[in-house]
Amino acid sequence: MSRRMGTLVALVGLIAAFAVPAGAATKPHTDFALAGEARALEVAFGDQGLTLGLAAAKVDSSPSAIGVGAGQCALLGETADPSDVPCSDANTENSRYPGDGGDGDPVCSGALPAPLSDILTLKVACGQSNSGVLKGVPFTKNSAKVTDLGAKLPVGVLLPQLDGVQAQVDNLVDTLVSTLQPVLDQTPAQVQDAVEQVLQIVDDVKATTDVLKVELGPSVSNITNDGNVMKVESSAAGARIGILGIPTVGTDGTTLINTGDPLTNGLVIIEVGPSQASAVANRLNATSTAAASAAIVTVKVRDITKPEPTYVEVAVAPGQTVTVLEGTPAESTITAAAATTKEDENGAQAAADAVRLHLLKGVNGGLKLGLSRSTAAATVQAVKAERVNRPAPKAPRVLPHTGANDMTLPAIGILLLAGLAFVVRRRIQA
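Residue indices begin from 1 for each chain and proceed along its sequence in written order. Local features in this predicted model are restricted to residues whose pLDDT is 70 or higher, and side-chain atom pairs enter the listing and the counts only when it is 80 or higher, whereas totals over whole chains, interfaces and linings include all residues. Each side-chain value is derived from all of the structure's non-hydrogen atoms; neither hydrogens nor water enter the calculation.

> Would you take a moment to explain the sheet that holds strand β13 (residues 229–236) for this structure?
Strand pairs in the sheet, formed through backbone hydrogen bonds, run parallel or antiparallel to each other. For two strands to be treated as a pair, DSSP must find at least two bridges joining them. Secondary structure is summarised from DSSP: a helix means a run of H or I of at least four residues, a strand means a run of E of at least two, and numbering begins at the N terminus for each. With antiparallel pairing, 7 strands are arranged side by side in an open sheet as β6-β8-β9-β12-β13-β16-β17. Looking along the sheet, the strands with just one partner apiece sit at the ends: β6 (107–109) and β17 (287–293). Each strand of the sheet is rotated relative to its neighbour by a mean of 10 degrees, with strand direction disregarded. Axes here refer to lines fitted to C-alpha atoms; in helices the fit is confined to the stretch in contact. Angles between the N-to-C directions go from 0 to 180 degrees.

> Teacher, can you tell me more about the confidence of the model for the chain here?
For residues with low pLDDT, the predicted coordinates do not support detailed interpretation. Mean pLDDT over the chain works out to 75, with 64% of the residues at or above the 70 mark. Under a pLDDT of 50 for its full length, residues 197–208 has, in the predicted model, 29 contacts with residues more than four places off or in other chains. What pLDDT expresses is the predictor's confidence in each residue, scored from 0 to 100. In what follows, residue pairs with any heavy atoms lying within 4.5 Å of each other are defined as contacts.

> What am I meant to see in the pattern of salt bridges here?
For side chains of opposite charge, pairing can occur when their charged atoms come near one another. Salt bridge, as used here, is a side-chain nitrogen of Lys or Arg placed within 4 Å of a carboxyl oxygen of Asp or Glu. By the definition in use, this model includes 15 salt bridges. Put simply, arginine 356 and glutamate 42 hold a salt bridge, and the shortest N to O gap is 3.2 Å. Taken as a pair, arginine 356 in strand β24 (residues 355–359) and glutamate 42 in strand β2 (residues 29–45) lie far apart in primary sequence, 314 residues in all. Of the charged contacts, one joins lysine 123 and aspartate 148 as a salt bridge, the two residues approaching to 4.0 Å between their closest N and O atoms. Of this pair, lysine 123 sits in the loop between β7 (120–122) and β8 (125–134) while aspartate 148 sits in the loop between β9 (137–146) and β10 (149–154), and the two are 25 residues apart along the sequence. Three labels apply to residues, based on accessible area from a 1.4 Å probe with only protein chains included: buried if under 20% of the type maximum, exposed if over 50%, partly exposed otherwise in between. Take lysine 123: its relative accessible area is 56%, and that puts it in the exposed class.

> Is there a simple way to think about the state of the cysteines in this case?
Disulfide: a pair of cysteine sulfur atoms within 2.5 Å of each other. Applying the stated criterion across every chain, the model contains 2 disulfides. Note that cysteine 73 is cross-linked by a disulfide to cysteine 87, the S-S spacing being 2.0 Å. On the sign convention where negative is left-handed, the bridge of cysteine 73 and cysteine 87, at about 90 degrees about the S-S bond, is right-handed. Placement of the pair is cysteine 73 in strand β4 (residues 64–74) and cysteine 87 in the loop between β4 and β5 (92–97), with a sequence separation of 14 residues. Of the two residues, cysteine 73 and cysteine 87, both sit in the buried class. Disulfide partner of cysteine 108: cysteine 126, at an S-S distance of 1.9 Å. Measuring handedness by torsion sign, the sulfur bridge of cysteine 108 and cysteine 126 sits at about 115 degrees and is right-handed. Remark: cysteine 126 occurs in strand β8 and cysteine 108 occurs in strand β6; sequence separation between them is 18 residues. Classification of cysteine 108 as partly exposed rests on a relative accessible area of 40%.

Structural data, given as structure tokens:
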């Protein structure tokens with residue numbers, strides 16, 4: 001019985017050997033890669049600079065995922081690789097798959113490196129990141145947040161080219177008035193008093209005043225999957241910037257406490273809306289699409305000819321440049337961002353460029369800011385089945401080899417069928 005079973009096994013193996021082709025086809029599949037990035041703020045003063053609020057994400061079909069959420073980084077270039085960014089360990093979380101997937105809990109701190117710490121004050125900067133694979137598809141979720149940034153500059157550097165305190169005030173008021181309202185009756189005395197409180201040079205040259213304050217929203221860059229659709233979404237929530245807080249002066253001529261906040265009583269208040277960029281890769285039909293929306297910018301300039309805080313609003317269209325307070329130390333230029341998308345056979349890209357600000361040009365060259373930058377990109381490609389050559393498996397030997405190398409396939413088939421018939425017949429007779 002065991003001999004007959006061995007013969008049958010050998011027969012099946014030999015038939016399978018002839019049935020399996022020498023070349024086998026691989027399964028068709030889809031290769032994909034997605035990347036995204038969002039930056040809340042880039043700031044540069046002189047030759048010093050940094051990036052605040054970075055969220056970056058990258059995945060591919062290997063599968064792998066890399067993410068970073070950073071509160072504070074060195075000034076970055078045009079693109080940032082999330083696997084290698086120069087960011088502070090104190091407020092940055094990195095995650096990856098394979099590797100440490102991160103816990104998604106925020107890591108926060110509020111210190112700036114010297115010499116920027118002598119100029120700028122940072123309350124809190126946070127980053128958080130989490131990456132992994134779900135049902136065989138990679139994902140990464142990243143966000144960063146900066147609560148508040150301020151600039152305190154020595155008052156004496158505001159108007160170094162002028163001699164007396166009164167001359168400084170008169171010159172600034174005259175210039176601002178002519179800029180903000182060509183036709184006017186007379187600048188109220190209390191307004192001049194308020195401006196003087198901000199600009200006067202005191203005996204202590206180290207005295208400081210709030211000349212700039214920035215309030216930022218979070219930045220986010222996530223890559224997720226829904227069925228066959230992979231999506232990267234990046235967004236920067238925008239910001240409010242106040243320049244030169246002008247305190248309110250009471251009826252007795254004294255300055256009212258806590259009324260000189262640049263975000264509420266600033267000479268100029270700039271509101272930057274959110275920016276968004278997204279890209280989608282469909283793994284089923286190997287297509288990709290992209291979308292982007294640029295940040296909307298509104299500039300509010302205070303009319304100092306009126307005692308009560310009154311603002312003239314100027315809308316800055318995407319791609320447009322506006323300069324306010326020309327000819328004064330507070331001269332500032334705002335360039336609104338434009339949004340672009342590109343879709344072709346190689347993939348899809350979306351970008352909402354940063355809003356560019358050059359503020360307080362008369363103060364040591366001014367402060368340069370980039371706000372609300374978002375990017376996203378996706379590539380997807382269907383890979384067809386390919387035939388991979390490989391040797392045919394050897395058939396089990398039924399009998400010791402006796403020189404039958406010259407036998408043809410028909411002869412082998414006849415002998416095998418005869419052997420099978422013999423075995424079956426013997427089994428029936430038994």
